Amino acid sequence: MTVPKLLLTGAAGALGKVLRESLKPDCRVMRLSDKAAMAPARENEEVVECDLADKKAVDELVRGCDAIVHLGGVSVEKSFEEVLDGNIRGVFHIYEGARRHGCKRVVFASSNHAIGFHKQGEMLDANSLRRPDGYYGLSKSYGEDLSRFYFDRYGIETACLRIGSSFPEPKDRRMLITWLSYGDLTRLVRACLTVPKLGHTILYGASANRDKWWDNSLASHVGFEPQDSSEPFRAKVEALPPLAPDDPAAIYQGGAFVKAGPFESS
Ligand code: NAI
Ligand code: 15L
């Protein structure tokens, strides 16, 4: 199934640049948006600079789009005010736009930081308790609830992707477990865009790594089958010095995000 017009937010970011290329075959026109500058529009693309905190601008942004891949927003721990604008107001504006303009499917980039305070080694599924590990994780938790509400009341389908660590390669021991290759990221988003009935679904975004903390069996209807693995990077990663076993970053699934940072209000 090809999406007639797909909105991709966060298009200037790392994953946005990846999906700008890899989702080309999945839509006829891609509308790309970010508050930062993006590469100019090419064939079958529209480029719209827009701050997600601006409700009116987001309403215009969503108009005419058939599906949304929502990556835009703060992607690491920041002050509550920054998280509030980019992620909490931002995700609300996206769903309000979707409701007003009849857009019925959203792929929402949630994060493993919505469940970051679970211990490493614990096996989680879509029904596991959310345990956010900071303002950023809290905003993803809010986005998951908000999308559930828009599904229950308005029938807007959403896949909440609790992405692990999507980078060219895993950078540490934790990422040997949480790594999601760019190829598997694309497969995951594509499956969510094309499955006939998505409903409201929580999925974890990890490749077929040797060790796992996340079980996607409650989302098997989506048909996501990761094909890559962090194994080829193991020797390189394990050559790095390990964290102390009592370091919270080595204890919790959210890694270093669980540690109080410089962003708490004084
Ligand atoms: P990124 O930080 O590279 O990209 C995010 C983009 O959102 C940036 O280009 C930024 O300019 C834009 N943005 C921020 N605030 C905005 C606002 N108020 N209005 C409009 N645009 C705004 O992050 P990345 O790595 O590409 O991640 C994409 C999404 O996936 C994010 O939502 C992130 O939280 C989520 N994610 C990423 C993971 C990863 O490993 N890369 C892991 C888990 C979740
Ligand atoms: C995230 O949510 C971040 O966006 C990304 O930068 C990584 O830190 C990732 O989680 C992770 O947990 O490795």
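If you're wondering where the values come from, they're calculated on a predicted model, not measured in any experiment.

Points about the site of ligand 2
Residues in contact with ligand 2, as listed here, are Ser75, Val76, Ser111, Asn112, His113, Tyr136, Gly164, Ser165, Phe167, Arg174, Met175 and Phe257. The contact in question runs from an oxygen atom of ligand 2 to an N or O atom on the backbone of Ser75, over 2.5 Å. Contact between ligand 2 and Ser165: an oxygen atom at 2.6 Å from a side-chain N or O atom of the residue. For ligand 2, the accessible surface in isolation is 320 Å², of which the surrounding protein chains cover 82%. Grouping the constituent residues of the shell around ligand 2 by class yields five nonpolar, six polar and one charged.

Points about the packing of helix α3 (residues 80-101) against helix α4 (residues 135-154)
How two helices sit against one another is set out by the angle between their axes and by the gap between those axes. Interaxial distance between α3 and α4 falls to 10 Å at its minimum, and their mutual angle equals 15°. The orientation of α3 relative to α4 falls into the category roughly parallel. Seen from above, α3 lies across α4 with right-handed handedness. The segment α3 lies against α4, with Phe80, Val83, Asn87, Ile88, Val91, Phe92, Tyr95, Glu96 and Arg99 engaging Tyr135, Tyr136, Ser139, Lys140, Tyr142, Gly143, Leu146, Ser147, Tyr150 and Tyr154. Split by residue class, the contact of α3 with α4 holds 12 nonpolar, four polar and three charged.

Digging into α3
The first and last C-alpha atoms of α3 sit 30 Å apart over 22 residues, in line with the 32 Å expected at 1.5 Å per residue. For α3, the set of buried residues is Val83, Gly86, Asn87, Ile88, Gly90, Val91, His93, Ile94, Tyr95, Glu96, Gly97 and Ala98. Among the structural elements, β1 (3-9), α2 (55-62), β4 (67-70), β5 (105-109), α4 and β6 (157-163) are those in contact with the buried residues of α3. Positive phi appears at Gly102, one or two residues downstream of α3, with a value of about 75°.

With respect to the sheet that holds β6
A sheet is described by the order of its strands in space; here seven strands give the open sequence β3-β2-β1-β4-β5-β6-β7, paired in parallel fashion. Of all strands in the sheet, those bounded by a partner on one side alone are β3 (45-49) and β7 (200-205). Averaged over all neighbouring strand pairs, the angle between strand axes comes to 15°, with direction disregarded. In this sheet, β4 lies alongside β1 in parallel orientation, the contact comprising four bridges. Bridge assignment links Leu6 to a residue of β4, and that residue is Ala67. The strands touched by α3 are β1, β4, β5 and β6; relative to β4, the strand with the most contacts, the crossing angle is about 175°.

Overview of the packing of aromatic side chains
Enumeration according to the criterion identifies 10 aromatic pairs in this entry. An angle of 70° between the planes, with centres 5.3 Å apart, marks the rings of Trp179 and Phe233 as edge-to-face. Of the two residues, Trp179 is situated in the loop between α5 (173-178) and α6 (182-194) and Phe233 in the loop between β7 and α7 (234-238); the sequence distance between them amounts to 54 residues. Take Trp179 and Phe233: they sit in the same class, and that class is buried. Measuring from ring centre to ring centre gives 6.2 Å for Trp213 and Trp214, while their planes differ by 75°; the resulting arrangement is edge-to-face. Taking the relative accessible area as the measure of exposure, Trp213 reaches 5% and is therefore buried. Its end group placed over the ring of Tyr154, Arg99 keeps NZ or CZ at 5.6 Å from the ring centre.

About the criteria used
- Residues numbered from 1 in each chain as written.
- Chains lettered and ligands numbered in written order.
- Predicted model: local features only at pLDDT ≥ 70, side-chain atom pairs only at ≥ 80, totals over all residues.
- Heavy atoms only, no water.
- Near = heavy atom within 4 Å.
- Polar contact = N/O pair within 3.5 Å; in protein donor to acceptor, adjacent residues only side chain to side chain.
- Areas by Shrake-Rupley, 256 points an atom, 1.4 Å probe, with all protein chains shown as cover.
- Nonpolar A, V, L, I, M, F, W, Y, C, P; charged D, E, K, R; others polar.
- Axes fitted to C-alpha atoms, helices over the stretch in contact; angles between N-to-C directions.
- Helix = DSSP H or I, 4+ residues; strand = E, 2+ residues; numbered from the N terminus.
- Parallel < 35°, antiparallel > 145°, perpendicular 65-115°, else oblique.
- Left-handed = near helix turned anticlockwise from the far one by under 90°.
- Contact = heavy atoms within 4.5 Å.
- Expected span 1.5 Å × (residues − 1).
- Buried < 20%, exposed > 50% of the residue type's maximum accessible area, 1.4 Å probe, protein only.
- Pairing = 2+ DSSP bridges.
- Phe/Tyr/Trp six-rings, centres within 6.5 Å; stacked < 30°, edge-to-face > 60°.
- Lys NZ or Arg CZ within 6 Å of the ring centre and 35° of its normal.

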